[in-house]
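Chain by chain, the residues run as shown.
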Amino acid sequence: MRTPVSVEFKELEIDSIATMAGRIAVVVDPEGKLDTGARRVNRLCKGALARLVASKLFTTAKSGDVLSLAYPAGLAAEAIDVLRLSRRCSLEDARRGGANLAKNMDTGDVTLLAGNHTKAENIAYGVALRAYGFEDHKTADTESTGNLIVTASKPDEVAARARPLLAVAEGVFFTRDLVNEPANILTTSEFANRLVAMEYLGLDVEVMDEPALEALGMGSFLSVGQGSDTPTKMVVMRWNGGKKGDAPLALVGKGVMFDTGGISLKPAAGMEDMTMDMGGAGVVAGVMRALALRGAKANVVGLVGLVENMPSGNATRPGDVVKSMKGDTIEVINTDAEGRLVLCDVMWYAQEHVKPAAMIDLATLTGAIIIGLGHENAGVFSNDDTLCNNFLKAATIESEGAWRMPLGQAYDDLLKSRIADMKNIGGRAAGSITAAQFLQRFVQDGMPWIHLDIAGVASVTGETKYAPKGATGWGVMALDRLVADQFEKE
Ligand code: BES
Ligand code: MN
Ligand code: ZN
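Residues numbered from 1 in each chain as written. Chains lettered and ligands numbered in written order. Predicted model: local features only at pLDDT ≥ 70, side-chain atom pairs only at ≥ 80, totals over all residues. Heavy atoms only, no water.

**Q** Even after reading the chapter, I still don't get the site of ligand 1, so can you show me in this structure?
**A** Around ligand 1, 17 residues are found, and the nearest of them are Lys-266, Asp-277, Asp-336, Glu-338 and Gly-367. One of the side-chain N or O atoms of Lys-266 is found 2.8 Å from an oxygen atom in ligand 1. In the model, a nitrogen atom of ligand 1 is placed 3.5 Å from a nitrogen or oxygen of the Leu-365 main chain. Compared with its free state, where it exposes 520 Å², ligand 1 has 78% of that area covered by protein. One can see that ligand 1 is located within the largest pocket. (Near = heavy atom within 4 Å. Polar contact = N/O pair within 3.5 Å; in protein donor to acceptor, adjacent residues only side chain to side chain. Areas by Shrake-Rupley, 256 points an atom, 1.4 Å probe, with all protein chains shown as cover. 1 Å grid on protein atoms, 1.4 Å probe; cavity = no way out; pocket = protein on both sides within 12 Å on 5 of 7 lines; lining within 4 Å. Sits in = over half its atoms within 2 Å of the grid points.)

**Q** Explain the packing of helix 4 (residues 91-104) against helix 5 (residues 120-130) to me, please; I cannot follow it from the model alone.
**A** When two helices pack together, their arrangement is given by the angle between their axes and by how far apart the axes lie. Put simply, helix 4 and helix 5 touch, their axes get as near as 6 Å, and they point 50° apart. Considered as vectors, helix 4 and helix 5 are oriented oblique to each other. Handedness of the helix 4/helix 5 crossing: right-handed. Of the residues in helix 5, those touching helix 4 at Leu-91, Ala-94, Arg-95, Gly-98, Ala-99, Leu-101, Ala-102 and Lys-103 are Asn-122, Ile-123, Tyr-125, Gly-126, Val-127 and Arg-130. The class makeup of the residues in the contact of helix 4 with helix 5 is 8 nonpolar, 3 polar and 3 charged. (Axes fitted to C-alpha atoms, helices over the stretch in contact; angles between N-to-C directions. Helix = DSSP H or I, 4+ residues; strand = E, 2+ residues; numbered from the N terminus. Parallel < 35°, antiparallel > 145°, perpendicular 65-115°, else oblique. Left-handed = near helix turned anticlockwise from the far one by under 90°. Contact = heavy atoms within 4.5 Å. Nonpolar A, V, L, I, M, F, W, Y, C, P; charged D, E, K, R; others polar.)

**Q** Help me out: how do you make sense of the layout of surface pockets in this one?
**A** If a probe as big as a water molecule is rolled over the atoms, it shows which places are left empty. In this structure, the largest pocket spans a volume of roughly 1100 Å³. Looking at the lining of the largest pocket, the elements with two or more residues in it are helix 6 (155-180), strand 9 (249-259), helix 11 (339-354), helix 12 (368-373), helix 15 (431-440) and strand 18 (459-460). Broken down by element, the residue count for the lining of the largest pocket peaks at 3 residues, all from helix 12. Taken together, the residues of the lining of the largest pocket break down into 15 nonpolar, 17 polar and 13 charged. Of the pockets and cavities examined, the second largest pocket occupies roughly 380 Å³. Taken together, 19 residues make up the lining of the second largest pocket; nearest its centre are His-375, Ser-399, Thr-464, Lys-465 and Trp-474. (Points joined across faces, edges and corners; volume = space filled by probe spheres on them.)

**Q** Got a minute to help me understand the coordination of the zinc ion (ligand 3) in this structure?
**A** Around the zinc ion (ligand 3), the protein supplies Lys-254 (NZ), Asp-259 (OD), Asp-277 (OD) and Glu-338 (OE) as donor atoms, at distances of 2.0 to 2.4 Å. The coordination sphere of the zinc ion (ligand 3) comprises 6 donor atoms, whose angles at the metal cover 79 to 173°; the geometry is octahedral. All donors of the zinc ion (ligand 3) belong to a single chain; written as a sequence motif, their spacing is K-x4-D-x17-D-x60-E. Taken as a pair, the zinc ion (ligand 3) and the manganese ion (ligand 2) show a spacing of 3.2 Å, with Asp-259 coordinating each metal. (Donors = N, O, S within 2.8 Å, 3.2 Å for Na, K, Ca; no water. Tetrahedral: all angles 85-135°; square planar, octahedral: opposite > 155°, others 65-115°.)

**Q** Where do I start with the packing of aromatic side chains in this structure?
**A** Given two aromatic rings, one states the distance between the centres and the angle between the planes to describe the pair. Under the defined criterion, the tally for this structure stands at 3 aromatic pairs. Pairing Phe-438 with Phe-442 gives two aromatic rings, centres 5.4 Å apart and planes at 40°, and the pair type is tilted. Considered together, Phe-438 and Phe-442 belong to a single accessibility category, that of buried residues. A cation over an aromatic ring shows up here: Arg-84 above the ring of Phe-58, its NZ or CZ 5.3 Å from the ring centre. Taking NZ or CZ as reference, Arg-289 lies 4.6 Å from the ring centre of Phe-174, over its face. (Phe/Tyr/Trp six-rings, centres within 6.5 Å; stacked < 30°, edge-to-face > 60°. Buried < 20%, exposed > 50% of the residue type's maximum accessible area, 1.4 Å probe, protein only. Lys NZ or Arg CZ within 6 Å of the ring centre and 35° of its normal.)

**Q** Just checking my understanding: could you explain helix 10 (residues 279-294) for this structure?
**A** One turn of the α-helix equals 3.6 residues, which is why residues spaced by three or four share an orientation. For helix 10, built from 16 residues, the straight-helix expectation of 22 Å at 1.5 Å per residue is met to within 8% by its first-to-last C-alpha distance of 22 Å. Most of helix 10 is tucked away: 14 of the 16 residues are buried. (Expected span 1.5 Å × (residues − 1).)

**Q** Honestly, the packing of helix 10 against helix 16 (residues 476-487) in this entry has me stumped. Any pointers?
**A** In the contact formed by helix 10 and helix 16, the axes pass within 9 Å of each other and the chain directions differ by 50°. Relative to helix 16, the element helix 10 lies oblique. Here helix 10 runs over helix 16; the crossing is right-handed. Contact residues: Val-283, Gly-286, Val-287, Ala-290, Leu-291 and Arg-294 in helix 10; Val-476, Leu-479, Asp-480, Val-483 and Ala-484 in helix 16. Taken together, the residues that form the contact of helix 10 with helix 16 break down as 8 nonpolar, 1 polar and 2 charged.

**Q** Help me understand the coordination of the manganese ion (ligand 2) in this model?
**A** For a metal bound by four donors in a tetrahedral arrangement, the ideal donor-metal-donor angle is 109.5 degrees, while six donors in an octahedral arrangement ideally sit at 90 or 180 degrees. Coordination of the manganese ion (ligand 2) by the protein comes from Asp-259 (OD), Asp-336 (O), Asp-336 (OD) and Glu-338 (OE), over a distance range of 2.0 to 2.2 Å. Bound by 6 donor atoms, the manganese ion (ligand 2) shows angles of 71 to 169° at the metal and therefore irregular coordination geometry. Counting residues between consecutive donors of the manganese ion (ligand 2) along the chain gives the motif D-x76-D-x1-E. Assessed through its relative accessible area of 1%, Glu-338 is described here as buried.

**Q** What's the story with the sheet that holds strand 11 (residues 321-323) in this structure? I'm lost.
**A** What the 3 strands build is an open sheet, ordered 11-12-16; its pairing is mixed. The open sheet has two edge strands with one neighbour each: strand 11 and strand 16 (422-423). Both strand 11 and strand 12 (residues 329-331) contribute to a ladder of 3 bridges, which runs antiparallel. Among the inter-strand pairings, Val-322 is bridged to a residue of strand 12, identified as Ile-330. (Pairing = 2+ DSSP bridges.)

**Q** Even after reading the chapter, I still don't get the sheet that holds strand 1 (residues 7-10), so can you show me in this structure?
**A** Across the sheet, which stays open at both edges, the 6 strands sit in the order 1-6-5-2-4-3 with mixed pairing between neighbours. At either end of the open sheet lies a strand with only one pairing partner, and these are strand 1 and strand 3 (66-70). Strand-to-strand twist across the sheet, computed as the mean angle between neighbouring axes with direction ignored, equals 20°. For strand 3 and strand 4 (residues 79-84), the ladder comprises 5 bridges, and the chain directions are antiparallel. Paired with Leu-69 across the bridge in strand 4 is Ile-80. Here helix 4 sits on the sheet and contacts strand 2 (23-28), strand 3, strand 4 and strand 5 (110-115); the angle it forms with strand 3, its principal contact strand, is near 30°. Along the sheet, helix 6 contacts strand 1 and strand 6 (148-152); its crossing angle with strand 1, the most-contacted strand, is approximately 160°.

Here it is in structure tokens:
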């Protein structure tokens, strides 16, 4: 597992600048005024910093951009990174600035001369989020990145503000590691083990195996894993940081370790991407880890359905009818529409046994959401405007793209089945919406609910604002903020 860069906060010893190893980062406002630390750097390198800051390169740079001076004379450091950032910059620019510093980071340390910048902790957060790599399966020796040292005029205050952010970064890393991990290693059992291993953080983790799920009547969920040799499991993680008796927020995640499509087999090209089909469960796990690490004062329960969708002699066939825990019967027209078959039972269990105040499910549910929204926004579906708007606000603040999509009776009608209570697909049109409608049939009256279709944002081929290519950890930051802002109120 990759742990975030270690960050140390301390006061600047001005005379140590000349001999600092690694890289030195200075923050310069758009007017080009140098603070105490930057002035000393400038003097040591005989004015090279001031010349860079006076150049067109700097004056045309955007907020959060980084320009570098390599191997500066007069300093032991291997480079000076100049971060353009005003004192009143946005949260996003501060984090993006940090992320840009992280891109230059190698095996050496980075010392950020933050002075009295008001968002120093968010610059550090940006460094932490971006300094990630998934190298567990590279046999060549991969050296870890160096450490981040933040010098500030009030280091204790910056450190205190950074602490919860760095806890969330660790949650994001946990999610990314799970999503990046191949399916032969991250089996349902391995996933469950990694969740149980979080008990030392104060989480209460319960694993339910196939006989237990059978006893609960989860015929829909179990039908997905029927063709796989790896056992289907449901894991319930409880974080009781809030008042005793306060109804929790329930987070439900789709955890399909690998999605071949089952008997409705997917084409070969690109099938390897389906190793990320446990992305919803990965986000739920990352949020739970973040909440525990920062000691959130809220009750939150994370539930994940872990399963593998394989074709085999005893796999579910198209046309089979299965019975959900709710009691409704489902005609499985397409075994590749398996995510909803997993979620409907886990969501029903959450409502019956956890009695949450609200429920949010996350799933890499449909390819159609990628056609609609690309890789910029997750699809947001909700039956509750207040909860939904609070989530959208949290996502906006955290720069995690999210876009609300409609629900409606006419879409629900597309799920009518000739022989069962419903079909598991609605047809080609509005594929993401009919998937959401299917889920809504398992949302009890009066339960505020959001469905997040993260198929387009969980893992991407290019780098994003805060992540290198691959798993992004999308949603951990927004959900953590939603909990902080809406569920931790005294
Ligand atoms: N896991 C896929 C959705 C998906 C597609 C996730 C691309 C990430 C990237 C899901 O189980 C699926 O196969 N959905 C089908 C539904 C269809 C059969 C109604 C799809 O989107 O094609
Ligand atoms: Mn599928
Ligand atoms: Zn799937």
